[in-house]
Amino acid sequence: MLPISITLSEHLKEKPQDESKLGFGRIFTDHMFIMDYDPENGWHDARIVPYQNFSMDPASVVIHYGQAIFEGSKCYRTADGSLQLFRPSANFARMTRSAERMGMPALDEETALEGLKQLIRVEADWVPHQEGTSLYIRPTMISTDVQLGVHASKTYRFFIILSPVGSYYKNGLQPVSIYVEDKYVRAVRGGTGFTKCAGNYAASILAGEIAEKKGYSQVLWLDGVEQKYVEEVGSMNMMFAYGNKIVTPMLNGSILPGITRDSILTLARQLGYETEEKRIAISDVFADGHAGKLTEAFGTGTAAVISPVGELLMEDDKLIFQDGKIGPVAQKLYDTLTGIQYGRLPDENHWIVKI
Ligand SMILES: *Cc1c(COP(=O)(O)O)cnc(C)c1O
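Residues numbered from 1 in each chain as written. Predicted model: local features only at pLDDT ≥ 70, side-chain atom pairs only at ≥ 80, totals over all residues. Heavy atoms only, no water.

S.K.: Is there a simple way to explain a nonpolar patch on the surface in this structure?
M.R.: A contiguous nonpolar surface patch, about 320 Å² in accessible area, is contributed by Tyr65, Leu148 and Val150. Along the polypeptide, Leu148 turns up in the loop between strand 7 (134-143) and strand 8 (156-165). (Patch = residues over 30% accessible without salt bridge, like charges linked within 9 Å, V, L, I, M, F, W, Y side chains within 5 Å. Areas by Shrake-Rupley, 256 points an atom, 1.4 Å probe, with all protein chains shown as cover. Salt bridge = Lys/Arg side-chain N within 4 Å of Asp/Glu carboxyl O. Helix = DSSP H or I, 4+ residues; strand = E, 2+ residues; numbered from the N terminus.)

S.K.: Would you mind showing me how to read the pairing of strand 16 (residues 305-314) here?
M.R.: If a strand is regular, its side chains alternate between the two faces of the sheet. When you tally the buried positions in strand 16, you get ten out of ten residues, the bulk of the element. Here strand 9 (residues 176-181) runs beside strand 16; their pairing, made up of four bridges, is parallel. Within strand 16, the residue paired with Ile178 across the bridge is Leu312. Between the antiparallel neighbours strand 15 (residues 296-301) and strand 16 lie three residues. (Buried < 20%, exposed > 50% of the residue type's maximum accessible area, 1.4 Å probe, protein only. Pairing = 2+ DSSP bridges.)

S.K.: How should I be thinking about the site of the ligand in this particular structure?
M.R.: With respect to spatial proximity, 15 residues lie near the ligand, and among them Lys196, Tyr201, Glu232, Thr260 and Thr302 are the closest. One nitrogen or oxygen atom from the side chain of Glu232 is found 2.6 Å from a nitrogen atom belonging to the ligand. Thr260 places a side-chain nitrogen or oxygen 2.6 Å from an oxygen atom of the ligand. Protein burial of the ligand: of its 380 Å² of free accessible surface, 96% is covered by the chains. Considering only residue class, the shell around the ligand consists of four nonpolar, seven polar and four charged. (Near = heavy atom within 4 Å. Polar contact = N/O pair within 3.5 Å; in protein donor to acceptor, adjacent residues only side chain to side chain. Nonpolar A, V, L, I, M, F, W, Y, C, P; charged D, E, K, R; others polar.)

S.K.: What should I look at first to understand the side chain of Thr133 in this one?
M.R.: Mapped onto the secondary structure, Thr133 falls in the loop between helix 3 (109-122) and strand 7. Apart from residues lying up to four places away in sequence, Thr133 is in contact with Glu19, Leu22, Pro128, Val165, Gly166 and Tyr342. (Contact = heavy atoms within 4.5 Å.)

S.K.: What is the right way to look at the pattern of salt bridges in this model?
M.R.: Pairing between side chains becomes possible if they bear opposite charge and their charged atoms approach one another. Overall, the coordinates contain 15 salt bridges when judged by the stated rule. The salt bridge involving Asp18 is made with Lys21; its shortest N-O contact spans 2.9 Å. A salt bridge links Asp288 to Lys293; the nearest nitrogen and oxygen atoms lie 3.7 Å apart. Here the salt bridges do not stand alone but share partners, grouping Asp36, Asp45, Arg47 and Arg157 into one network.

S.K.: I tried to follow the nonpolar core on my own but got confused; where do I start?
M.R.: Most often, soluble globular proteins have nonpolar side chains that are buried together. Grouped together as the largest cluster of nonpolar side chains are 31 residues, with contacts concentrated most on Phe33, Ile120, Met141, Phe158 and Ile160. Of all the elements in the fold, those that place two or more residues in this core are strand 2 (31-38), strand 3 (42-50), strand 6 (83-86), helix 2 (88-101), helix 3, strand 7 and strand 8. Examining the composition of this core, we find that five residues originate from one element, helix 3, more than from any other. Look past the residues within four positions of Met141 in its chain and what remains in contact with it is Trp43, Gln67, Ala68, Ile69, Met95, Ala99, Met104, Pro105, Leu107, Tyr156, Arg157 and Phe158. One finds Ile178, Leu220, Leu319 and Phe321 within the second-largest nonpolar core, a separate group that totals 23 residues. (Core = buried A, V, L, I, M, F, W, Y, C linked by side-chain atoms within 4.5 Å.)

So, in structure tokens, the structure goes:
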């Protein structure tokens, strides 16, 4: 593990007064963690420094060819004031898998985790207190070579920034309406769908804008070949409940292997729900929904934890779940997972890392 130097900021920012108005990803803390990579030295110069701008050459590879990957994780404050992370090593391991696909170097996961813990200790007062709030963690890796040829960069920068956040959705745990996208696609097998690379999100923005204009908050993506099978939502994996059975699209290389998805599937089994990972046709979702067999739909992801789907629209076919309210399966899973994350429930799966 690399030694980590710490330089404290001399000008601390004012912390947000009203924790009910934090929103998502708009406010950043006083410090950041950085380490750099080059082929001779590997990862080096691990440091915590005041939050600041980067100075970049306009010919930097990342600006032209988008060689950039990121992660998303959270630090939670428990009732006794202690701070805890949820499965942080799973995020760094996934970043290494993203890096491999993007021709980037494997992350020094041990130094990244230690850097994160030390950064959170420096920024402890930034972890908000109110129910449902947390300190969002955004690790990122970018290429930094200066050249216009399409080649893997030789030099990279890894950094972590932190943002106190409220609930991901403006309306809290209110069900969202989702638009089934049948024109554009997000990812195909063999592509980069399983990575958290910046380009995946750039390619999704237009469909999101169109859905928003129609009054829907997110897009549900179908498979990139036949556009028949459910993939996932913008930044969430999808799950469907048939009474006490939960089904979710299997990991096929084009959807993101969510840590929340994995945690929810594990907890669901432990709570006695049946679970199945398979290919799910969107036509079956609508048929089973109209027949009353499919009782709930919800998304899972770090930012929103669980987001119940109140309404699903495809062309002019509309499905309403649970009268537009959260259903019992989503509520039970939400209470269980957030109970563990905020330290209200025992952590039997050893997911929590105390700061
Ligand atoms: C981050 C993300 C998810 C959720 O992953 P978690 O590890 O649960 O936060 C799902 N889908 C996409 C496309 C994502 O970017």
